[in-house]
Every structure is written in C-alpha cells, then in structure tokens.
Amino acid sequence: SGGTLTLNITALPASDASISALYYRVNGGASALLTGVGTGVRSITGLSNGVSASIEIRAESSAGLGGWSDVKSATPSAPPGLGIGAMTIGSTFIVG
C-alpha cells in the first residue's frame, strides 16, 4: 500500500446541468468520491506500489450520473504519484 495515482482534470463534460460530484473506481470496484468538482489535480491514494491499477471516472449532475470514462491503467510508485494519462468522460477529454 501507500501508492498514489495523480489525476489532472483539465476539462469536464459540457452540459446544461452543473456538475455536483466526481467519482472514481479502481479495478471495476466500488465507486468513491473525488474531492472537488471542477478541473484540477486530484490524488487517488491507498493503492499498492508496483501493482497496476485500472481507473475510471464519471461525473454527477442534477441530470444524474454520467457513464464511466474509458479505463486507463497505471502502476503507482513511491511519491511523487504517477499520472494516469488522458481520460474521457462523455465526449470531453480529461488529460493527465
């Protein structure tokens, strides 16, 4: 444990409804809340160093939950955290 992956969210889905939450899941498991709702850097902690993790993210708004992004995989290492690359929520790229 102790592994961290860093997400750099640079864009969010365009929608008529405001985004109220962002969620992630690791290896298809239960979803968890990301801190913040806008763009910026977020960290996913508690992962195992040296073990590949598959990450998906999605947004929630007054219109409901959006679909999960494409799966991106990365292997956490000791700090600093390893970025996970580009992710898509809806039709918008989330770039790391």
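Keep in mind it's a predicted model, so treat the numbers as computed, not measured. (Residues numbered from 1 in each chain as written. Predicted model: local features only at pLDDT ≥ 70, side-chain atom pairs only at ≥ 80, totals over all residues. Heavy atoms only, no water.)

A. Quick peek at unusual backbone geometry. Positive phi is not limited to glycine here, since Asn 27 has a value of about 55°. With respect to the helices, strands and loops of the structure, Asn 27 is situated in the loop between β2 (19–26) and β3 (32–33). Look at Asn 27 and you get exposed, because its relative accessible area is 51%. (Helix = DSSP H or I, 4+ residues; strand = E, 2+ residues; numbered from the N terminus. Buried < 20%, exposed > 50% of the residue type's maximum accessible area, 1.4 Å probe, protein only.)

B. Fine view of the environment of Leu 22. Looking at the secondary structure, you find Leu 22 in strand β2. Residue Leu 22 is classed as buried on the basis of its relative accessible area, which comes to 2%. Along the sequence, Leu 22 and Glu 60 sit 38 residues apart, while their C-alpha atoms lie 6.2 Å from each other. When neighbours within four sequence positions are excluded, Leu 22 is seen to be in contact with Ile 9, Leu 12, Ala 32, Leu 33, Leu 34, Gly 36, Val 37, Gly 38, Arg 42, Arg 58 and Ala 59. (Contact = heavy atoms within 4.5 Å.)

C. Main features of the nonpolar core. Formed by 13 residues in total, the largest nonpolar core has its most connected members in Leu 5, Leu 7, Leu 34, Ile 44, Ile 55 and Ile 57. Listing elements by their share of this core, those giving two or more residues are β1 (3–9), β2, β4 (40–47) and β5 (53–61). In terms of residues, this core owes the most to one element, β5, which gives 4 residues. (Core = buried A, V, L, I, M, F, W, Y, C linked by side-chain atoms within 4.5 Å.)

D. Quick peek at the pairing of β5. Most of β5 sits inside the fold, with 7 of its 9 residues counted as buried. As judged from the 7 bridges shared by β2 and β5, these two strands associate in the antiparallel manner. Bridge assignment links Arg 25 to a residue of β5, and that residue is Glu 56. Summarising the sheet, β5 and strand β7 (residues 72–74) pair through 3 bridges and their orientation is antiparallel. Paired with Ser 54 across the strands is Ser 73, a residue of β7. In this sheet, strand β6 (residues 64–65) lies alongside β5 in antiparallel orientation, the contact comprising 2 bridges. (Pairing = 2+ DSSP bridges.)

E. Quick peek at the pairing of β1. Summarising burial for β1: 5 of the 7 residues are buried, a large majority. Pairing between β1 and β4: 6 bridges, direction antiparallel. Looking at β4, one finds that Ile 9 is bridged to Gly 40.

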